[in-house]
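Structural overview
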Amino acid sequence: MKSLRSVILQRIIIVAIISFLLSAAFTFYYYKTILVKQMIHEDETKLSQTVRQLEYMSDDIAKFSFSLIISEQLQSFYKTFDQLDTFGQFALIQDSLDYLDENKGLRKEVSSFALLLPDRRVFWSEARNDQYFSERLKEDWYQNFVQSGQQHAFTEPHDMILTSNTVEQGKIISFIVTVTDIEQPGRRIGELILNLDYSSFESLLDFGSADFEGVLWMNDAGYLLYEKDSPSSGISLTPSLLQAASERQKDGISSVQGGYMLVDRFESINWKLVTFISQASLMERGRIVIYLLGVFSLTSTTLILLLMMPAIFRITRPIMRLYHAMNAVSSGKLHTSVNIKTGDELEKLGQGFNRMTNQLQVHLEESIRHEKDKRELELELVLSKLNPHFVYNTLNAVIYMARKQGNDDIVLMVGSFIRLLQDAVKMDGVQSLIPLREELDLLRDYIAIQSFRYIDMFEVEWHVQEQAYECLVPRNFLQPFVENAIFHGICPKDLPGTLRISAAVSSTALILRIEDDGIGIEEEQLATIWDKENQKKNSGLRHIGLSHTRKRIEHLFGGQATMRIDSLLDQGTTVTVELPKLLPHT
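This section reports on the structure supplied with the text. (Residues numbered from 1 in each chain as written. Predicted model: local features only at pLDDT ≥ 70, side-chain atom pairs only at ≥ 80, totals over all residues. Heavy atoms only, no water.)

**A short note on the nonpolar core**
Selection criterion: Residue types Ala, Val, Leu, Ile, Met, Phe, Trp, Tyr and Cys, when buried and joined through side-chain atoms within 4.5 Å, form a set referred to as a nonpolar core. Relative accessibility thresholds used throughout: buried, under 20% of the residue-type maximum; exposed, over 50%; partly exposed, between the two (1.4 Å probe, protein chains only). Any two residues whose heavy atoms approach within 4.5 Å at even a single point are treated as in contact.
Counting 53 residues, the largest nonpolar core has Phe 77, Tyr 78, Leu 115, Leu 192, Leu 194, Phe 201 and Trp 217 as its most contacted members. If sequence neighbours within four positions are ignored, Leu 115 has contacts with Leu 74, Phe 77, Tyr 78, Ser 96, Leu 97, Leu 100, Arg 121, Val 122, Phe 123, Glu 191 and Leu 192. In this structure, Leu 436, Leu 472, Ile 501 and Ile 521 belong to the second largest nonpolar core, which totals 42 residues.

Written out as structure tokens, the structure is:
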């Protein structure tokens with residue numbers, strides 16, 4: 001047999017190893033399910049902030065353009081240009097473009113404007129009579145807008161000369177808005193084009209995507225407006241991100257090969273931002289947390305081992321003393337005691353052991369004395385059972401004398417009383433459930449006695465199905481209902497009454513009813529009848545109240561049995577008892 005000390009050491013080492021493994025598993029679980037989600041959620045928040053900033057910028061640009069197209073200057077330009085002579089047209093163009101230049105300072109993103117008439121004549125703010133901008137309208141960025149059928153939209157980035165003072169081209173995003181006659185809504189009179197400096201969008205995206213490895217800015221048509229790859233990877237992520245974004249139309253977080261893709265769509269315009277976060281970057285960002293958890297787990301496990309060693313030796317020494325003392329007690333040496341001086345719970349345990357052995361000796365002596373007293377009581381109980389036989393013999397002598405004198409009423413009444421008395425004094429061992437046939441026989445004896453007491457006061461009607469006779473019921477449980485029906489229902493009305501006792505059987509239940517046509521019960525009393533104990537005695541027999549009977553039924557059958565009392569004042573009372581159908585063989 002292994003010593004307790006070696007077993008404890010082995011168990012502690014196993015617990016330490018399991019604790020370390022569980023800590024490692026928890027660290028991995030924390031990283032995969034909590035830390036990764038937290039980092040992705042932070043990136044999702046950053047992406048959402050970038051989207052909102054771009055959206056605020058685009059909304060401001062749209063509102064700025066809407067305020068321009070409803071101005072009196074531009075409305076006049078589009079509606080009266082073709083009605084003027086050449087000099088008037090030149091002056092109107094000059095005034096309108098000057099008006100736009102004056103408002104250009106309100107939006108730093110605006111590089112230039114273009115006024116487009118329905119016949120595709122265009123006037124560019126940087127070269128007012130040049131055909132350069134007319135040629136640009138043949139490019140895809142404008143043709144895609146025309147094919148989309150939208151009233152206003154941002155185009156894809158395109159290259160064009162920024163100002164008339166230089167031939168250097170720059171990247172532009174145009175915002176095109178359809179101009180309608182404010183006096184005749186629905187009548188299209190031209191288009192206003194705002195050429196926006198792409199660097200304004202690019203700088204915002206560069207700042208917002210600093211923590212992402214790959215970022216794409218796309219519209220619903222799939223045109224790429226902006227892309228950024230991680231300089232550290234050396235591999236372009238744009239093709240794989242484009243494919244993943246096209247396969248997954250829904251917004252939010254999606255798991256892709258090597259990491260996670262985040263998609264956030266603009267609410268008011270047809271743009272979306274797509275970013276990629278690799279598993280490697282997440283591991284790098286969460287590395288410090290993983291290292292700290294690992295060091296903490298290893299350190300705590302080592303400290304547990306170092307701190308437990310002295311405690312093991314402190315515990316095992318007194319336990320071994322108790323072990324040997326217990327062996328001595330088990331061999332019958334009840335006077336054995338231990339002397340443990342550790343100043344802690346083990347010392348209390350040793351003192352408790354000593355008290356236990358002393359009390360064990362006392363209890364052993366008391367058990368011997370109690371067993372002797374028990375045998376004396378059992379003898380007295382056997383002798384007490386002889387006393388009722390004297391009563392039975394005396395009553396049988398009365399029956400013999402009454403029969404000899406021809407008094408059949410006394411014979412019937414005393415015979416019923418003897419049978420009730422025999423049932424009342426039956427000792428333990430008698431079954432608590434008896435066939436309904438026996439219960440009704442006892443009930444007939446009880447009613448016979450009461451009929452002599454209350455002559456011509458009531459008559460009894462019996463309605464019992466043949467199948468009900470063998471069903472099991474609690475012994476002597478119908479008598480309280482019959483007793484209450486006679487004493488409290490029929491007798492107080494001072495007129496002859498009728499007592500109906502019925503029993504019927506269904507597939508699963510035995511239904512018993514005791515009905516009387518007495519004075520009934522008041523509604524207030526009926527509501528609390530189960531809470532009251534009737535303290536009156538009946539004919540010298542033992543009394544069982546309604547509350548006691550109900551508790552007895554609940555104890556025997558639980559929720560399978562129900563008891564209900566229905567009563568109408570001056571019309572009578574009906575007690576309905578429904579018991580589970582039980583037969584002797586079941």
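**Side note on the sheet that holds strand 9 (residues 252–256)**
Stated formally: Here, a strand pair is defined by DSSP locating no fewer than two bridges between the strands. Helix and strand definitions follow DSSP, with helices as H or I runs of at least four residues and strands as E runs of at least two, each counted in order from the N terminus. Angular values range over 0 to 180 degrees, each being the angle between N-to-C directions of two axes fitted as lines to C-alpha atoms, with helices fitted over their stretch in contact.
Spatially, 8-7-11-10-9 is the arrangement adopted by the 5 strands of the open sheet, whose pairing is antiparallel. One side of each edge strand has no neighbouring strand; the edge strands of this open sheet are strand 8 (224–229) and strand 9. Here the strands of the sheet are splayed against their neighbours by 15° on average, with no regard to which way each runs. Across the sheet, helix 6 (residues 198–208) lies against strand 7 (214–219), strand 8 and strand 11 (271–278), angled at about 40° from strand 8, the strand it touches most. Those strands touched by helix 8 (residues 279–330) are strand 10 (259–265) and strand 11, and its axis lies near 65° from that of strand 11.

**Focus: the sheet that holds strand 15 (residues 497–505)**
Reading across from one edge, 13-15-16-18-17 is the order of the 5 strands in this open sheet, with mixed pairing throughout. In this open sheet, the two edge strands, each paired with only one partner strand, are strand 13 (458–464) and strand 17 (562–568). This sheet shows a mean twist of 10° between the axes of neighbouring strands, independent of strand direction. For strand 16 (residues 509–516) and strand 18 (residues 572–580), the ladder comprises 8 bridges, and the chain directions are antiparallel. Residue pairing in the sheet places Glu 515 in a bridge with Thr 574 of strand 18. The sheet strands contacting helix 13 (residues 479–490) are strand 13, strand 15, strand 16, strand 17 and strand 18, and the helix crosses strand 15 at an angle near 155°. Along the sheet, helix 15 (residues 546–557) makes contact with strand 17 and strand 18, crossing strand 17 at roughly 150°.

**Here we look at helix 12 (residues 436–453)**
For an α-helix, 3.6 residues make a turn, and residues three or four places apart therefore share a direction. Filter applied, for reference: To estimate how far a helix should extend, the number of its residues minus one is multiplied by 1.5 Å.
Helix length check: helix 12 (18 residues) gives 26 Å between terminal C-alpha atoms against 26 Å at 1.5 Å per residue, within 8%. Of the residues making up helix 12, those classed as buried are Leu 436, Glu 439, Leu 440, Leu 442, Leu 443, Asp 445, Tyr 446, Ile 447, Ala 448, Ile 449 and Gln 450.

**As for the pattern of salt bridges**
How we decide: Every case where a carboxyl oxygen of Asp or Glu lies within 4 Å of a side-chain nitrogen of Lys or Arg is listed as a salt bridge.
With the rule as written, the count across this model stands at 19 salt bridges. Linking Arg 107 and Glu 109 is a salt bridge whose minimum nitrogen-to-oxygen distance equals 2.9 Å. The two residues Arg 107 and Glu 109 agree in class, both being buried. Here Glu 554 makes a salt bridge to Arg 550, at a shortest N to O gap of 3.6 Å.

**A short note on the packing of helix 2 (residues 72–80) against helix 3 (residues 86–104)**
The condition is simple: Each angle receives one of four descriptions, namely roughly parallel if under 35 degrees, roughly antiparallel if over 145, roughly perpendicular if within 65 to 115, and oblique otherwise. Crossings are assigned a handedness: left-handed for a near helix turned anticlockwise from the far helix by less than a right angle, right-handed for a clockwise turn. Under this grouping Gly is polar, as are all residues other than the nonpolar Ala, Val, Leu, Ile, Met, Phe, Trp, Tyr, Cys and Pro and the charged Asp, Glu, Lys and Arg.
Two numbers describe how helix 2 lies on helix 3: the axes approach to 10 Å, and their chain directions differ by 150°. Between helix 2 and helix 3, the angle falls in the class roughly antiparallel. Seen from above, helix 2 lies across helix 3 with left-handed handedness. For the pair helix 2 and helix 3, the contacting residues are Gln 73, Leu 74, Ser 76, Phe 77 and Thr 80 in the first and Leu 92, Ile 93, Asp 95, Ser 96, Tyr 99 and Leu 100 in the second. Across the contact of helix 2 with helix 3, the residue classes break down as 6 nonpolar, 4 polar and 1 charged.

**Examining the side chain of Glu 439**
Condition: Neither His nor the chain ends is counted toward charge; the positive residues are Lys and Arg and the negative residues Asp and Glu. In protein, a polar contact means a hydrogen-donor-capable atom and an acceptor-capable atom, both N or O and within 3.5 Å, with residues adjacent in sequence counting only if both atoms are side-chain atoms; elsewhere, any N or O pair within 3.5 Å suffices.
Tracing the sequence through the fold places Glu 439 in helix 12. Salt bridges are absent for the buried Glu 439, whose nearest opposite-charge side chain, Arg 475, sits at 6.7 Å. A distance of 3.2 Å separates the side chain of Glu 439 from the backbone nitrogen of Leu 478, its partner in a polar contact. Setting aside residues no more than four positions away along its own chain, Glu 439 makes contact with Ile 434, Val 473, Pro 474, Arg 475, Asn 476, Phe 477, Leu 478 and Gln 479.

**Side note on the pairing of strand 5 (residues 169–180)**
Burial runs high along strand 5: 9 of the 12 residues are buried. By the bridge criterion, 3 bridges tie strand 3 (residues 152–154) to strand 5 in an arrangement that is antiparallel. Each bridged residue has a counterpart across the sheet, and for Phe 154 the counterpart in strand 5 is Phe 175. When strand 4 (residues 158–161) meets strand 5, the two strands line up antiparallel, connected through 4 bridges. Across the sheet, the residue bridging to Met 160 is Gly 170, located in strand 5.

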